[in-house]
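So the chains spell out like this:
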Amino acid sequence: MKTTAAGATCAEACLREVCKVYRMGDQEVPALRGVSVEFDPGSFWAVMGPSGSGKSTLLNILGCLDRPTSGRYLLQGDDVGALDDDTLSELRLRRLGFVFQSFNLIPQLTVEENIQLPLYYLGWEPEKSIERARELAAKFDLADRVGHRPTELSGGQQQRVAIARALANDPSIILADEPTGNVDSRMGGEIMQIISELNRSGKTIIMVTHEPHIAAFARQRLYMKDGAVEHIEEGR
Amino acid sequence: MRRSRLMLNVRLGIKNLRLHKLRSFLTMLGVVFGVSSVIAMLAVGEGASKEALEQIRKLGSNNIIVRSVKPVKEQIREVRTRMSIYGLLYEDMERIAGSFSAVRRIVPAKLVRQEGRLGARTLELRVVGTTPEWFDLVRRPLVAGRVMTSTDNGQRRGVVVLTEHGARRLLATEGTIGQPVRIGGGIFEVIGIVQSESGFGGDIQTPDQDVDAYIPLEVARERFGDIFTQRTAGARIRERVELHQLIAEVATLEEVEATAAGIESLLMRFHGKQDYRVSVPLALLRQAEATKRTFNIVLGSIAAISLLVGGIGIMNIMLASVTERTREIGIRRAVGAKKKQIVGQFLIETVVLSTTGGLIGIGIGLLVPWLITSFAGMPTVVKPGSLVLSLGISMTVGILFGIYPAFRAADLDPIEALRHE
Ligand SMILES: Nc1ncnc2c1ncn2[C@@H]1O[C@H](COP(=O)(O)OP(=O)(O)OP(=O)(O)O)[C@@H](O)[C@H]1O
Ligand SMILES: [Mg+2]
């Protein structure tokens, strides 16, 4: 699937002059105005900035849920802007994992089935897929909850299920939009421990957050303002 | 792997439908009624043609049956004795045999109700005075003894052939052949037993064929005469009927209908009144076809309307379901589901819904023909093929009306869908 465009050398995820304009009727809302950032393999980023500065828009593009209006997004050598819908699905399935503020678990499915979701679309054998889901559940202290519905779990537990699901397909990049936004601070700390551990095990983490003490877990902090990069801060 | 994935989808579909049991059930009703109508329709049609074929087989497809019928405007010839004279005459037999080269054989039947008696046992019999050819034409296999011969007829022997049922009831376990049975005033020797007729009565004149007793025509004529007394509503009606029935066997199937028409006009010329009816077993098939068509139109319309309304109901519910589950769709897409996989999921769910309706419909559809048979007395036959067809129809309804909601689901923007509350 390597369709690297000429001149593009980018190991993990790179944004080159990315613009995103939303059209609302005859009005144009620019959400991103020329963002260029290189996310290295194994890096740990926090994306910060005021409300409406374009953080979620940036994450959606990085997550192949959306395409740039102009500019290029290279993901492990592929020019995402040129790919069709099915290929974007394929990229999300094989290379990316999402963690959302509101957990986004499917209420009709059990914990185990939620974790298996990517494996189902990858076409894993049910036995292997269940085994993998149990393994991940155990890792995040959910072993006794595999048969439960998401609504029967606490916020922290739900977010751990969501993280387990994001990891099921063993992606190299985890994208998290305010992963601690809906849990209390103690749980938030626990979740950040898990995310830091994932980064130490080699995963690239790009995380949107409002809270400085959460952002402090990251090694690079990207500050957005009015759809543009204000500045980048290195170190803890 | 593909199969287990389909199974997972089906299980998920069932799960979602069970989440809203009442709603799912109400949605299915259209398909339920549609499918049961289809099955009932096919069962009635099949029953009608099966009955017709059965009768044709029994009566012989090359046979023409002429029966004596009391005319509607009954002419009382002899007012003093209040006797009505009608029906087929002994001469008619020779007339028909002589006039049509296509008629190979002709068999008469004189029907007399008489009590049969053997020792202490009695049994109401329908005595059939006929000739030996009867047994060939109506294809009654012999169980024991022999059938009558032309010698029996010529010498006017007092012999009788019973049916299996009649024999069992009258003779019980005693020796069968050779028993002397008293019929009316005389003694008849049982010379043979033929198989009883089973299924729907081929001869409409008397429903109970099991107690037929066949004796030589000449004997019947001599012993019982041509005058019968019937008691109806206090009045005694005397009738003079020579022959009750004639069966003419025609050489080829193609000549049957033309010969029947010829017999009809021949009899008309000599009788001058409609005191007979000519029927052709083949016509029964035509009649059955007509019944089948009527039922097909009525039930077919019910089925079509039910299925259409049911399909629209299913589509409506699935559209509501897509709206309710927008977020789920967003999650699946974010995780990596392709559009066609979302289409597949919703389509399978719709098909599960309509097929469940179809299965319930098959259950009811099996009940309906049974009710028709037991209450309306109409024969019905449920063929396995009609069940397969019904299942196919319900699946098709699911696919047809599920396509639009499924594509609506797949075309949702993942980001919008994830943000949906
Ligand atoms: N689908 C859309 N249609 C129109 N405008 C949009 C759409 N999505 C986002 N926007 C606009 O784009 C800008 C950036 O939105 P975005 O959601 O990326 O901000 P954010 O930084 O994530 O804010 P928050 O911190 O509140 O989540 C906003 O002005 C928003 O109104
Ligand atoms: Mg946001």
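This one's a predicted model, so the numbers in the text were calculated from it and none came from an experiment.

A. Quick look at the overall build of chain B. Scanning chain B for helices and strands turns up 13 helices and 14 strands. For chain B, whose C-alpha radius of gyration is 33 Å, the value lies well above the compact-globule estimate of 22 Å for 421 residues. Seen through its C-alpha atoms, chain B measures out along the principal axes to roughly 105 × 50 × 45 Å. Within chain B, the fraction of its 421 residues that count as buried is 49%. Sequence-distant contacts, at least 24 apart, represent 78% of the contacts inside chain B between residues at least 6 apart. Surface summary for chain B: the accessible area is close to 20,100 Å², and the carbon and sulfur share equals 59%.

B. The site of ligand 1, seen in detail. Neighbouring ligand 1 are 14 residues, the closest being A:Ser51, A:Gly52, A:Lys55, A:Ser56 and A:Thr57. Per-site note: the chains with residues close to ligand 1 are chains A and B. A distance of 2.5 Å separates an oxygen atom of ligand 1 from a polar side-chain atom of A:Ser51. A distance of 2.6 Å separates an oxygen atom of ligand 1 from a polar atom in the side chain of A:Thr57. Protein chains bury 71% of the 630 Å² of accessible surface belonging to ligand 1 in isolation. Sorting the residues of the shell around ligand 1 by element identifies β1 (13-24) and α1 (55-62) of chain A together with α13 (414-419) of chain B as the ones contributing at least two each. Of the residues forming the shell around ligand 1, the biggest block, three residues, is contributed by α1(A). Taken together, the residues of the shell around ligand 1 sort by class into four nonpolar, seven polar and three charged.

C. Quick peek at the nonpolar core. Ranked by size, the top nonpolar core spans 67 residues in total, and within it A:Leu15, A:Phe39, A:Leu58, A:Leu62, A:Tyr73, A:Leu75 and A:Ile206 carry the most contacts. It is helix α11 (residues 339-376) of chain B that provides the largest number of residues to this core, a total of eight residues. Counting 38 residues, the second largest nonpolar core, distinct from the first, contains A:Phe140, A:Ala176, A:Ala218 and A:Tyr223.

D. Quick look at the sheet that holds β1(A). All names here are of chain A. Pairing within the open sheet is antiparallel, and its four strands lie in the order β2-β1-β4-β5. The open sheet terminates on both sides in strands that have one partner only, identified here as β2 (27-39) and β5 (78-79). Of the strand pairs in this sheet, strand β4 (residues 70-75) and β5 are connected by two bridges, and their pairing is antiparallel. In the sheet register, Leu74 faces β5, and the bridge partner there is Asp79. Together, β1, β2 and β4 form the strand contacts of α1, whose direction differs from that of β1 by roughly 120 degrees.

E. Local environment of a nonpolar patch on the surface. Residue and element names in this part refer to chain B. A contiguous nonpolar patch, built from Leu22, Phe25, Leu26, Ile360 and Ile364 and spanning about 440 Å² of accessible area, is present on the exposed surface. When contributions to the nonpolar patch are tallied by element, the ones reaching two or more residues are α2 (21-59) and α11. The dominant element in the nonpolar patch, judged by the number of residues it contributes, is α2, at three residues. Tracing the sequence through the fold places Phe25 in helix α2.

F. Structural context of the packing of helix α5 (residues 155-168) of chain A against helix α6 (residues 185-200) of chain A. Residues and elements named next belong to chain A. Relative orientation of the contacting elements α5 and α6 amounts to 15 degrees, with a least axis distance of 10 Å. Classified by the interaxial angle, the pair formed by α5 and α6 is roughly parallel. Note on packing geometry: the crossing formed by α5 with α6 is right-handed. Between α5, through Gly156, Gln159, Arg160, Ile163 and Leu167, and α6, the contact on the second element is made entirely by Met187, Glu190, Ile191, Ile194, Ile195 and Leu198. Of the residues belonging to the contact of α5 with α6, the class tally is seven nonpolar, two polar and two charged.

G. Just α1(A), in detail. α1(A) sits mainly inside the fold: seven of its eight residues count as buried. In the stretch just after α1(A), A:Cys64 is the one whose phi turns positive, near 60 degrees.

H. Fine view of the sheet that holds strand β10 (residues 228-234) of chain A. All names here are of chain A. Taken together, the six strands give an open sheet; going across it, the order is β6-β7-β8-β3-β9-β10, and neighbouring strands pair in mixed fashion. Strands with a single pairing partner mark the edges of an open sheet, and in this sheet they are β6 (96-99) and β10. If you compare each strand with its neighbour and ignore which way they point, the axes differ by 20 degrees on average. Bridge analysis of strand β3 (residues 44-48) against strand β8 (residues 204-208) gives four bridges, and the strand direction is parallel.

I. Highlighting the pattern of salt bridges. All names here are of chain B. For the coordinates displayed, the defined rule picks out 39 salt bridges over all chains. The partner of Arg117 in a salt bridge is Glu115, with the nearest N and O atoms 3.6 Å apart. A relative accessible area of 38% means that Arg117 is categorised as partly exposed. The exposure class of Glu115 is partly exposed, given its relative accessible area of 39%. Salt bridges sharing partners connect three or more residues here, namely Arg104, Arg105, Asp136 and Glu249.

J. Highlighting the interface of chain B and chain A. Each partner contributes residues to the interface: chain B has 28 residues there, and chain A has 28 residues. Carbon and sulfur atoms supply 54% of the area buried between chain B and chain A, which totals about 2,500 Å² over both sides. Two residues, A:Asp85 and B:Arg333, come together in a salt bridge whose shortest N-O distance is 2.9 Å. Scanning the region where chain B abuts chain A turns up twelve residue pairs in polar contact (both at pLDDT 80 or more). Of all elements in the fold, only α1 (2-19), α10 (326-335), α11 and α13 of chain B reach the threshold of two or more residues within the side of chain B that touches chain A.

K. Quick look at the packing of aromatic side chains. One pass over the structure, following the stated rule, counts five aromatic pairs over all chains. The interplanar angle of 10 degrees and the centroid separation of 5.7 Å between the aromatic rings of A:Phe98 and A:Phe100 together place this pair among those described as stacked. Across the pair, exposure class does not vary: A:Phe98 and A:Phe100 are buried alike. The ring of A:Trp124 has A:Lys128 lying over it, and the distance from NZ or CZ to the ring centre is 5.3 Å. Seen from the ring of B:Tyr90, B:Arg221 lies directly overhead, with NZ or CZ sitting 3.6 Å from the centre.

L. Structural context of the confidence of the model for chain B. Residue and element names in this part refer to chain B. For chain B, per-residue confidence averages 83 on the pLDDT scale, and residues scoring 70 or more make up 90% of the total. In the model of chain B, strand β2 (residues 76-78) stands out as the element of lowest mean pLDDT, 51, in contrast to α10, which has the highest, 95. For residues 199-209, every residue scores under 50 in pLDDT, and the model assigns this stretch 27 contacts once sequence neighbours within four places are set aside. Model confidence for the complex is summarised by a pTM of 0.71, with the ipTM given as 0.93.

About the thresholds
- By convention here, each chain's residues receive numbers from 1 onward along its written sequence.
- Working convention: letters from A go to chains and numbers from 1 go to ligands, in the order in which they are written.
- The model is predicted, so local features are restricted to residues of pLDDT at least 70 and side-chain atom pairs to those at 80 or more, both for listing and for counting; the totals for chains, interfaces and linings are taken over all residues.
- For the side-chain quantities, the full set of heavy atoms in the structure was used; hydrogens and water were omitted.
- Helix and strand assignments follow DSSP, with helices taken as H or I runs no shorter than four residues and strands as E runs no shorter than two, numbered in order from the N terminus.
- C-alpha atoms define the radius of gyration in this analysis, and the globule rule sets the expected value at 2.2 Å times the number of residues to the power 0.38.
- Using a 1.4 Å probe on the protein chains alone, a residue whose accessible area is under 20% of its type maximum counts as buried, one over 50% counts as exposed, and one in between counts as partly exposed.
- Contacts: residue pairs with any heavy atoms within 4.5 Å of one another.
- Every accessible area reported is derived by Shrake-Rupley at a probe size of 1.4 Å, with residue values counting cover from the shown protein chains alone.
- Near, as used in this document, describes a residue that has one of its heavy atoms within 4 Å of the molecule or strand being considered.
- Under this definition, polar contacts are N or O atom pairs within 3.5 Å; protein pairs additionally need one hydrogen-donor-capable and one acceptor-capable atom, and for neighbouring residues in sequence, both atoms have to be side-chain atoms.
- Just so you know the grouping, Ala, Val, Leu, Ile, Met, Phe, Trp, Tyr, Cys and Pro go in nonpolar, Asp, Glu, Lys and Arg go in charged, and all remaining residues, Gly too, go in polar.
- Residues grouped as a nonpolar core are buried Ala, Val, Leu, Ile, Met, Phe, Trp, Tyr and Cys residues, joined through side-chain atoms within 4.5 Å.
- The pairing criterion is simple: DSSP has to find at least two bridges between the two strands.
- Every angle, taken between N-to-C directions, lies between 0 and 180 degrees, and every axis is a line fitted to C-alpha atoms, over only the stretch in contact when it is a helix.
- Like charges within 9 Å and nonpolar side chains (Val, Leu, Ile, Met, Phe, Trp, Tyr) within 5 Å are joined into patches, using only residues over 30% in relative accessible area that form no salt bridge.
- By definition, a salt bridge exists where a carboxyl oxygen of Asp or Glu is found within 4 Å of a side-chain nitrogen of Lys or Arg.
- By the definition adopted for this analysis, an angle is roughly parallel if under 35 degrees, roughly antiparallel if over 145, roughly perpendicular if from 65 to 115, and oblique otherwise.
- Two helices cross in a left-handed way if the nearer one is turned anticlockwise from the farther one by less than a right angle. They cross in a right-handed way if the turn is clockwise.
- The quantity reported as buried area is the accessible area (1.4 Å probe) lost by two parts once they are put together, taken as the sum for both.
- The criterion for an aromatic pair is that two Phe, Tyr or Trp rings (for Trp, the six-membered ring) have centres within 6.5 Å, with stacked assigned to planes under 30 degrees apart, edge-to-face to planes over 60 apart and tilted to the rest.
- A ring is scored as having a charge over it whenever the NZ atom of a lysine or the CZ atom of an arginine sits within 6 Å of its centre and within 35 degrees of its normal.
- Residue-level confidence of the predictor is what pLDDT reports, using numbers from 0 through 100.

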